[in-house]
Amino acid sequence: TTYPVNTPHTKEELYYRRIYDEHFHGLEHVVKLWEGGGRAMGAEWKSDMYTREGLKNVNLLSHSLQQQTAAFSTTGGSTGSSGTRSFSTAAQTSTAEPSIEIQKFDEEAYYSATSSGFSDFEASLTLGGDDRSLIKEDVGTNKYHIKPVPVDPAHVFRGSCTGNPPTRRGYDAAARLFSQLSGSGGQELNSAVHEVFEDQRARLAELLHLPAGAEIVLCPSGSDAEYVPIAVARALKGKDVPIVNGVTQLREIGAGSAPASTGRYFSTHVPLLGRLSDDAAELRGFRNVTGSLISARETNGDVVDATLEMDKFAEAAFNDGAYPIVHGVFGGKTGLRDNKMPGSMESGDKSLGVVDACQGRFSNEELHRWLDRDSLVLFTASKFFQAPPFCGAVIVPPAIAAKLRNAPAPEMFCNGGLGGFLTGSELPPCLDSWSEEIRAQTDGEVRSNVGLALRWEAGLAGMEALASVSDDVRTEAVDCWAGKVSSMVNEASNLDAWCVERSIVSIRVKKGEDGWLSMSELRDLYRWMSMDVSDLVPTATSEERTALSKPAYIGQPVDVSDSHAIVRIALGVDSLVSYLDDKSSTLEEDRAVVQKLAAIGKHFNTLKESGR
């Protein structure tokens, strides 16, 4: 029997049941039937809009009932040419009043999401970030074409190197936390979030097996985390010493990292302030900070020796009497890793080493090697571990944490400085002086980054799902997966696995016979990958039409050469867990992504002419 629970008895009931199953597959057991049967799996209400038209467009039902059910919520925005909407299980009943007090700086994000059809909880996942997390009301997604809900199980997600919708595991974990925080506001909310962040730092330290004395600063994103090493340097060296910040892999790290590395804003929005004024440029307290930017590649795509360039940079800083912050990137957008990860010289007295490991694609052995050399480590759970955008951290090694305990707080924490990004709740005990400075410079204003707490909860759920799997097993599985996927890519005549780095396969795509697609052309491809575009290519074969119909979310394009750009297929925690459990099914999903890439490349001009 196709539907063993509440089996349909008529063609009409079967019609409705199929619509229900399309959107709420696997949830038949939670529905309460009303007297008379369950044509669309039952409900506790009736409505004049309970018609075929109402079932196809559940917004009509929602409007007619003037409420949403506790079990389901629609997600906003069109997902393709058919206009089919995805559905998710909401944390609670959507009501007129938010369950958690919406702070002024969060209002734009919250109401952009709720006006796009997302639930109270789903909207809260977008709070406390910047413009990258905002839901664009015209399309119902953020700038990465993703929503604050799990991907439809019929779609494929391989975009963990860019930005993630929550996994089902992460969504449910964040929903449980949201339920615990519901009904609170003001100081009560502040105290509750403070306890949540303490718990999350402790769990993160345990998952990463951090050595005694290491500390964690939680940050709204990996780009925001770039401000912290500057503050650490200022605390260690005082306000008069010039600081120079060397950053590698320009164009293959987050676009915000370069401006943040010299204390400049990188977004139109600040997590704890909201929208900035048009003339806002530099954070207060970040004067006397300059930078040096090293590109990831030459114009022909060859890799720049970033380690050599950073050695030259540090030597020049010493000669000029400046204090250098020296970066190394352990996995940029294409997975590229610098040859050497810099340590901090004389435990931070002479220089500060920073390892950008924001992709989260490293082993515990590698992490401990960096900490042993007194490097600060930038980390996020919103790449490989698939938390929604974004949640970052700075891991402070024990020797530098000990020095910070006794160092005065730098004067950088007013609302126009780091006070717009951090509250005392995100800071560890070694930075108690910073917490006091934040309270003093922001006039004791009570602010809580609820969205960050929810996103970290989702990310920790991903980390905990993989905690029992050893690094050796993970590494072997990733290498096997990458080999098989790159072979699939190279089997297609118009695709090339241009670069394979651990769990990221970077791909260049031919446009018919006209050469490799450029950066601007791949932006179109990236958008079409997330849509059903099968009806836009009349000449497609049946196999191509099937491929073009399946939404697949991949990594954003990266400009790597004058001759071409690339897109990426990236394994994330969910797909790695799936691969460990069922290699064949996981690789079938990857094959569907590769087939769609090939079909879009072949029919690129037709798709472009469609205007979609």
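Keep in mind that what you see is a predicted model, and the values were worked out from it rather than measured.

How each quantity is defined
Residues numbered from 1 in each chain as written. Predicted model: local features only at pLDDT ≥ 70, side-chain atom pairs only at ≥ 80, totals over all residues. Heavy atoms only, no water. Helix = DSSP H or I, 4+ residues; strand = E, 2+ residues; numbered from the N terminus. Buried < 20%, exposed > 50% of the residue type's maximum accessible area, 1.4 Å probe, protein only. Contact = heavy atoms within 4.5 Å. Areas by Shrake-Rupley, 256 points an atom, 1.4 Å probe, with all protein chains shown as cover. 1 Å grid on protein atoms, 1.4 Å probe; cavity = no way out; pocket = protein on both sides within 12 Å on 5 of 7 lines; lining within 4 Å. Points joined across faces, edges and corners; volume = space filled by probe spheres on them. Nonpolar A, V, L, I, M, F, W, Y, C, P; charged D, E, K, R; others polar. Phe/Tyr/Trp six-rings, centres within 6.5 Å; stacked < 30°, edge-to-face > 60°. Core = buried A, V, L, I, M, F, W, Y, C linked by side-chain atoms within 4.5 Å. Pairing = 2+ DSSP bridges. Axes fitted to C-alpha atoms, helices over the stretch in contact; angles between N-to-C directions. Right-handed = clockwise from strand over helix to strand, strands pointing away. Arc of directions from axis to C-beta. pLDDT = per-residue confidence, 0-100. Parallel < 35°, antiparallel > 145°, perpendicular 65-115°, else oblique. Left-handed = near helix turned anticlockwise from the far one by under 90°. Salt bridge = Lys/Arg side-chain N within 4 Å of Asp/Glu carboxyl O.

Peer 1: What's the story with the overall build of the protein chain in this structure? I'm lost.
Peer 2: Counting its secondary structure elements, the protein chain contains 21 helices and 16 strands. Evaluated residue by residue, the protein chain yields a buried proportion of 59% over its 612 residues. Expressed as a percentage of contacts within the protein chain between residues at least 6 apart in sequence, the contacts between residues at least 24 apart total 69%. For the protein chain, the accessible area works out to roughly 24600 Å², and carbon and sulfur atoms hold 46% of it.

Peer 1: What am I meant to see in the layout of surface pockets here?
Peer 2: Empty space among the atoms can be located by rolling a probe the size of a water molecule over them. Put simply, the largest pocket is a space of about 910 Å³. Residue lining of the largest pocket: 42 residues in total, with Tyr 144, Gly 254, Ala 255, Lys 333 and Gln 556 positioned closest to the centre. Those elements giving two or more residues to the lining of the largest pocket turn out to be helix 8 (222-225), helix 10 (257-260), strand 11 (376-380), helix 17 (519-529) and strand 15 (552-559). For the lining of the largest pocket, the class distribution of residues is 15 nonpolar, 15 polar and twelve charged.

Peer 1: What should I look at first to understand the packing of aromatic side chains in this one?
Peer 2: Between two aromatic rings, the relevant description is the distance of the centres plus the angle of the planes. On inspection of all chains with the given rule, the structure shows 17 aromatic pairs. For the ring pair Phe 121 and Tyr 171, a centre distance of 5.0 Å and an interplane angle of 80 degrees mean the geometry is edge-to-face. One end of the pair, Phe 121, is in helix 5 (residues 120-124); the other, Tyr 171, is in helix 6 (residues 168-181), with 50 residues separating them in the sequence. Both residues of the pair, Phe 121 and Tyr 171, belong to the buried class. Residues Phe 330 and Trp 370 carry aromatic rings whose centres are separated by 4.9 Å and whose planes lie at 65 degrees to one another, so their mutual orientation is edge-to-face.

Peer 1: Where do I start with the nonpolar core in this structure?
Peer 2: A general tendency of soluble globular proteins is for nonpolar side chains to be buried together. One finds Trp 456, Leu 525 and Leu 597 to be the most contacted residues of the largest nonpolar core, which totals 107 residues. For this core, the element with the highest residue contribution is helix 15 (residues 450-465), accounting for eight residues. What Trp 456 contacts, discounting residues up to four positions off in sequence, is Gln 200, Leu 204, Leu 218, Cys 219, Phe 379, Ala 381, Cys 391, Gly 392 and Ala 393.

Peer 1: Teacher, can you tell me more about the sheet that holds strand 15 here?
Peer 2: The strands that make up a sheet are held in pairs by hydrogen bonds between backbone atoms, and each pair lies either parallel or antiparallel. Strand order in the open sheet formed by five strands is 3-15-16-14-13, with mixed pairing between adjacent strands. Edge strands, defined here as strands with exactly one partner in the open sheet, are strand 3 (156-158) and strand 13 (495-501). Averaged over all neighbouring strand pairs, the angle between strand axes comes to 35 degrees, with direction disregarded. Examined bridge by bridge, strand 3 and strand 15 share three bridges and lie parallel to one another. Directly across from Val 156, in strand 15, lies its bridge partner Ala 552. Of the strands in this sheet, strand 14 (504-509), strand 15 and strand 16 (565-570) touch helix 17, which is tilted by about 170 degrees from strand 15. The strands touched by helix 20 (residues 583-602) are strand 3, strand 13, strand 14, strand 15 and strand 16; relative to strand 3, the strand with the most contacts, the crossing angle is about 85 degrees.

Peer 1: Quick question: what am I supposed to make of the pairing of strand 10 (residues 352-356) here?
Peer 2: Regular strands show a simple pattern: their side chains alternate between the two faces of the sheet. Most of strand 10 sits out of view: five of its five residues are buried. Of the two faces of strand 10, the one holding Leu 352, Val 354 and Asp 356 and the one holding Gly 353 and Val 355 are both buried throughout. Each parallel crossover has a hand, and for strand 10 linked through helix 12 (residues 364-372) to strand 11 it is right-handed.

Peer 1: Can you help me understand helix 14 (residues 432-441) in this one?
Peer 2: Because each turn of an α-helix spans 3.6 residues, side chains separated by three or four positions end up pointing in the same direction. Those residues of helix 14 that sit buried are Trp 434, Ser 435 and Ile 438. One face of helix 14 carries all of its buried residues, which in axial projection span an arc of 105 degrees. Looking at the buried side of helix 14, the elements it contacts are helix 9 (227-237).

Peer 1: Mind showing me how you'd approach the confidence of the model for the protein chain here?
Peer 2: As a general rule, the predicted coordinates of low-pLDDT regions are not to be interpreted in detail. On average, residues of the protein chain score 88 in pLDDT, and 84% of them reach the 70 mark or higher. Below a pLDDT of 50 lies the segment residues 34-95, which in the model reaches 145 contacts outside its immediate sequence neighbourhood of four places, other chains included.

Peer 1: Can you help me understand the packing of helix 9 against helix 13 (residues 398-405) in this one?
Peer 2: Angle between the axes and distance between the axes: these two values describe a pair of packed helices. Where helix 9 contacts helix 13, the axes come no closer than 10 Å and their chain directions differ by 60 degrees. When the interaxial angle is binned, helix 9 and helix 13 end up oblique. Along this stretch, helix 9 crosses helix 13, giving a crossing that reads as left-handed. Contacts between helix 9 and helix 13 involve Val 232, Ala 235 and Leu 236 from the former and Ile 400, Lys 403 and Leu 404 from the latter. Along the lines of polarity and charge, the residues of the contact of helix 9 with helix 13 split into five nonpolar, no polar and one charged.

Peer 1: Please explain the pattern of salt bridges as it appears in this structure.
Peer 2: Working definition: two side chains of opposite charge can pair if their charged atoms are close together. In this structure the tally under the stated criterion is 24 salt bridges. Asp 199 is paired through a salt bridge with Arg 203; the nearest N and O atoms lie 3.0 Å apart. Pair noted here: Asp 199 and Arg 203 are both in helix 7 (residues 186-207), with a separation of four residues, about one helical turn. Its relative accessible area of 39% is what places Asp 199 among the partly exposed residues. Classification of Arg 203 by relative accessible area gives buried; the value is 16%. Among the salt bridges present, the one from Asp 524 reaches Lys 608, with a minimum N-O distance of 2.6 Å.

Peer 1: Is there a simple way to think about unusual backbone geometry in this case?
Peer 2: With the exception of glycine, most residues fall at negative phi, and the peptide bonds are largely trans. The peptide bond linking Pro 389 to Phe 390 adopts the cis configuration, its omega dihedral lying at -5 degrees. Relative to the helices and strands, Phe 390 is located in the loop between strand 11 and strand 12 (392-396). Despite not being glycine, Ser 347 shows a phi value in the positive range, around 55 degrees. Along the chain, Ser 347 turns up in the loop between strand 9 (323-329) and strand 10. Since its relative accessible area comes to 23%, Ser 347 is described here as partly exposed. With a phi angle near 65 degrees, Gln 386 is a residue other than glycine that sits in the positive phi range.

Peer 1: Mind showing me how you'd approach the environment of Trp 516 here?
Peer 2: Structurally, Trp 516 can be placed in the loop between strand 14 and helix 17. Since its relative accessible area comes to 25%, Trp 516 is described here as partly exposed. Sequence separation between Trp 516 and Ile 566 is 50 residues; the distance between their C-alpha atoms is 9.1 Å. Residue contacts for Trp 516: discarding those within four places in its chain leaves Asn 494, Asp 496, Arg 508, Val 509, Lys 510, Glu 521, Ser 563 and His 564.

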